[in-house]
Amino acid sequence: MFFALYALTGIGLFVLGLYSLIVQAHLIRKIIALNIMGSGVFLVLVGLGGRTSSAVPDPVPQAMVLTGIVVAIAATALALTLILRVQAETGRTDLPEHTSEH
Amino acid sequence: MNTADHRALPKPFQYVLLVLISALACGLGYAVLSLPDQAIELKGLVEANLEASGVRNPVTAVLLNFRAYDTLLEMAVLLLALIGVWSLGATPMRRGADPGPVLSALVHGLVPMMILVAGYLLWAGAHAPGGAFQAGAVLAASGVLLLLTGKRLTARLTGRPLRIALLAGLGAFITIGVIVMPAGGMFLQYPPSHADGLILFIEATATLSIGAILTALFLGGRTVSGGER
Amino acid sequence: METITLLERVFDGLLMLTLLWLAWRALQSPDLFKAVVLFIAFGLTMALVWVRLQAPDIALAEAAIGAGLTGALLLKALAQSNELADRVSDDHTTDTGDTHEHR
């Protein structure tokens, strides 16, 4: 039950991040929201991995989360560089509204 | 540019979004709470084969031995992200920021210690919490500190040596994976007698590579080899 | 023994609430710099949570990569974004076409 509470916190983080991802316009804020969503998913993974017969948690979800953290920072770095290029080219830090042209 | 710039979502859409998100949260919460108390766990399998894996830390065993292929692909993902960042432009112009005396003194003292800590984390990963990713991250942090005080690699090192350092982790991983094939059978199937040495070698090269890749990701641009930076 | 378990429960509850509150403040803060700093604090609190979940390897990685390196990346992107924005506004306010930096 203790681990399940942390899994619920993970779901809360995921949902908070998802709401901000949709609502916020600034691209860097979207990246922060994505990172928080990722942390929420990792919490759920490890939280659910604690449902073991003994007190020692399952190492396989922990290894997956470790991989996930490294992949998340790689994606974040690429996304931030893309955002800076978009700003250098178009001068704005949010995606344009859908216009009727093309 | 920093002020709150919520997209002007109309009020009814905001409420609909809130309702949908709450429904999603409730659904996920119900899914999590309705899972059985005992999972179908792989922990037993890991514990049973821990001696044959060559390390005593179960997470390292899973990362570097049982699921080594995933770690290999993860190193490839890091390299792909770096290629993506490098393809977007050269190193941004140095702003000539002058690090104060405090930062310089701090970096002079901290960076050697951080390299030591990285070495310890790499070594301790076999029997205690630690491992290649943690050590590589500390190395990258020391690299970021050096970058922030304005130090850059000399022109001689930014060409081939840098590329070699970036590729060493993935290259060693693939090489060892192929080398053990005549002895064991499958790709990355280490013979249990040599598993600890192989894992340590892979972790050492991976540490160097991860540190270099993360530092290069922080720098954010393709280093110009042979140039003045 | 009961008091220790109760203390642990209170500590865990506080950790979870801090996590959610930090995440919400980071996402809704009007100032982007404050949002990034709160995100770094969120990452460090996550490291504590990983320790509570008996995952010390993840705690090390989260503190170094999740909080430290991601925070540094975000701050650098923020600084470069501000510089790009300042450069654009300078170009618009000055009449000359050169981008000579005079700061």
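Remember, predicted model here, so these are calculated numbers, not experimental data.

What counts, and at which threshold
- Note on numbering: residues in each chain are counted from 1, in written sequence order.
- Chain A is the first chain written and ligand 1 is the first ligand written, with later ones labelled in order.
- pLDDT decides what is reported in this predicted model: residues at 70 or higher carry local features, side-chain atom pairs at 80 or more are listed and counted, and totals for whole chains, interfaces and linings draw on all residues regardless.
- For the purposes of this entry, the term helix denotes a DSSP run of H or I that reaches at least four residues, the term strand denotes a run of E that reaches at least two, and both are numbered from the N terminus.
- With C-beta atoms placed from the backbone, the exposure class of a residue follows from how many other C-beta atoms lie within 10 Å of its own: 20 or more, buried; 12 or fewer, exposed; in between, partly exposed.
- Once C-beta atoms are placed from the backbone, any two residues with those atoms within 7 Å are in contact.
- This radius of gyration counts C-alpha atoms alone. The globule rule is 2.2 Å times how many residues there are, raised to the power 0.38.
- Residues are sorted three ways: Asp, Glu, Lys and Arg are charged, Ala, Val, Leu, Ile, Met, Phe, Trp, Tyr, Cys and Pro are nonpolar, and all the rest, Gly among them, are polar.
- Think of each axis as a best-fit line through the C-alpha atoms, taken over the contacting stretch in the case of a helix, with angles from 0 to 180 degrees between the N-to-C directions.
- We call two directions roughly parallel when the angle between them is under 35 degrees, roughly antiparallel when it is over 145, roughly perpendicular when it lies between 65 and 115, and oblique otherwise.
- Here a crossing is taken to be left-handed if its near helix is turned anticlockwise relative to the far helix by less than a right angle, and right-handed if that turn runs clockwise.
- The span one expects for a helix is its residue count, reduced by one, times 1.5 Å.
- Taking the helix axis as origin, the arc is that swept by the directions to the C-beta atoms.
- Any set of buried Ala, Val, Leu, Ile, Met, Phe, Trp, Tyr and Cys residues joined through C-beta atoms within 7 Å is what this text calls a nonpolar core.
- How sure the predictor is of each residue is captured by pLDDT, a score from 0 to 100.

## Focus on the overall build of chain C
If you tally the helices and strands in chain C, you get three helices and zero strands. Each of the 103 residues in chain C was classed as buried or not, and the buried ones make up 36%. In chain C, the share of contacts with a sequence separation of at least 24, taken over all contacts with a separation of at least 6, comes to 43%.

## Points about the overall build of chain B
The helix and strand tally for chain B stands at nine helices and zero strands. In sequence order, chain B lays out its α and β elements as α-α-α-α-α-α-α-α-α. A globule of 229 residues ought to have a C-alpha radius of gyration of about 17 Å, yet chain B, at 23 Å, is considerably larger. In terms of principal-axis extent, the alpha carbons of chain B reach across some 60 × 55 × 35 Å. Here chain B, with 229 residues, has 31% of them falling under the buried criterion. Sequence separation of 24 or more characterises 78% of the internal contacts of chain B that already satisfy a separation of 6 or more.

## A look at the interface of chain A and chain B
Facing the 35 residues of chain A at the interface are 39 residues of chain B. Contributing elements (two or more residues each) for the side of chain A that touches chain B: helix H1 (2-23), helix H2 (27-48) and helix H3 (59-90) of chain A. It is H3(A) that contributes the most residues to the side of chain A that touches chain B, 15 residues altogether. Classifying every residue of the side of chain A that touches chain B gives 23 nonpolar, nine polar and three charged.

## Digging into unusual backbone geometry
Phi at B:Leu188 takes a positive value of approximately 65 degrees, unusual for a residue other than glycine. Of note, the phi angle at C:Gln54 is positive, near 60 degrees, even though the residue is not glycine. For C:Gln54, a count of 16 C-beta atoms within 10 Å puts it in the partly exposed group.

## Some words on the packing of helix H1 (residues 2-28) of chain C against helix H2 (residues 32-52) of chain C
Residues and elements named next belong to chain C. The geometry of H1 relative to H2 is characterised by a closest axis approach of 9 Å and an angle of 155 degrees between their N-to-C directions. Compared by their axis directions, H1 and H2 come out roughly antiparallel. In the packing of H1 onto H2, the handedness of the crossing is left-handed. The residues of H2 that touch H1, namely those facing Asp12, Leu15, Thr18, Leu19, Leu22, Ala23, Arg25 and Ala26, are Ala35, Leu38, Phe39, Ala41, Phe42, Thr45, Met46, Leu48, Val49 and Arg52. Tallied by class, the residues present in the contact of H1 with H2 amount to 13 nonpolar, two polar and three charged.

## Description of H2(C)
Residues spaced three or four apart along an α-helix face the same direction, because each turn holds 3.6 residues. Residue and element names in this part refer to chain C. Along its 21 residues, H2 runs 30 Å from first to last C-alpha, staying within 8% of the 30 Å computed at 1.5 Å per residue. Of the residues making up H2, those classed as buried are Leu32, Ala35, Val36, Leu38, Phe39, Phe42, Gly43, Met46, Val49 and Trp50. Down the axis of H2, the buried side of the element spans an arc of 160 degrees, and every buried residue falls inside it. In the stretch just after H2, Gln54 is the one whose phi turns positive, near 60 degrees.

## Let's talk about the nonpolar core
Counting residues in hydrophobic clusters, the biggest one holds 109 residues, and the most contacted among them are A:Ile32, B:Ala137, B:Leu217 and C:Leu69. With 14 residues, the top contributor of residues to this core is H3(A). Setting aside anything within four residues of it in sequence, one finds B:Ala137 in contact with B:Leu214, C:Ala61, C:Ala64, C:Ile65 and C:Leu69.

## Considering the interface of chain B and chain C
Many structure descriptions define interface size as the accessible area lost when the parts assemble. Tallying the contact residues gives 18 residues for chain B and 19 residues for chain C. Listing elements by their share of the side of chain B that touches chain C, those giving two or more residues are helix H7 (132-148) and helix H9 (195-219) of chain B. Counting residues per element, the side of chain B that touches chain C draws most heavily on H7(B), which supplies seven residues. Here the residues of the side of chain B that touches chain C sort into 13 nonpolar, five polar and no charged.

## Quick look at the environment of B:Pro58
Note on placement: B:Pro58 falls in helix H4 (residues 58-66). Residues B:Pro58 and B:Arg160 lie 102 residues apart in sequence; the distance between their C-alpha atoms is 36 Å. Those residues in contact with B:Pro58 that sit more than four places away from it in its chain are A:Pro59, B:Val46 and B:Leu50.

## So, H4(B)
For H4(B), the tally of buried residues reaches eight of nine residues, placing the bulk of the element in the interior. Among all positions in H4(B), only B:Pro58, B:Val59, B:Thr60, B:Ala61, B:Val62, B:Leu63, B:Leu64 and B:Asn65 are buried. Buried residues belonging to H4(B) abut H3 of chain A, helix H2 (43-48), helix H3 (50-53), helix H5 (68-86) and H9 of chain B together with helix H3 (56-93) of chain C.

## What about the confidence of the model for chain C?
Residue and element names in this part refer to chain C. Per-residue confidence for chain C averages 88 on the pLDDT scale, and 89% of its residues sit at or above 70. This model gives residues 99-103 a pLDDT under 50, and the stretch forms two contacts once residues within four places in sequence are excluded. Among the scores for the predicted complex, ipTM is 0.91 and pTM is 0.90.

## What to know about the confidence of the model for chain B
Overall, the prediction assigns chain B a mean pLDDT of 86, with 91% of residues at 70 or greater. Confidence, read as mean pLDDT per element, is least for H2(B) in chain B (81) and greatest for H5(B) (95).

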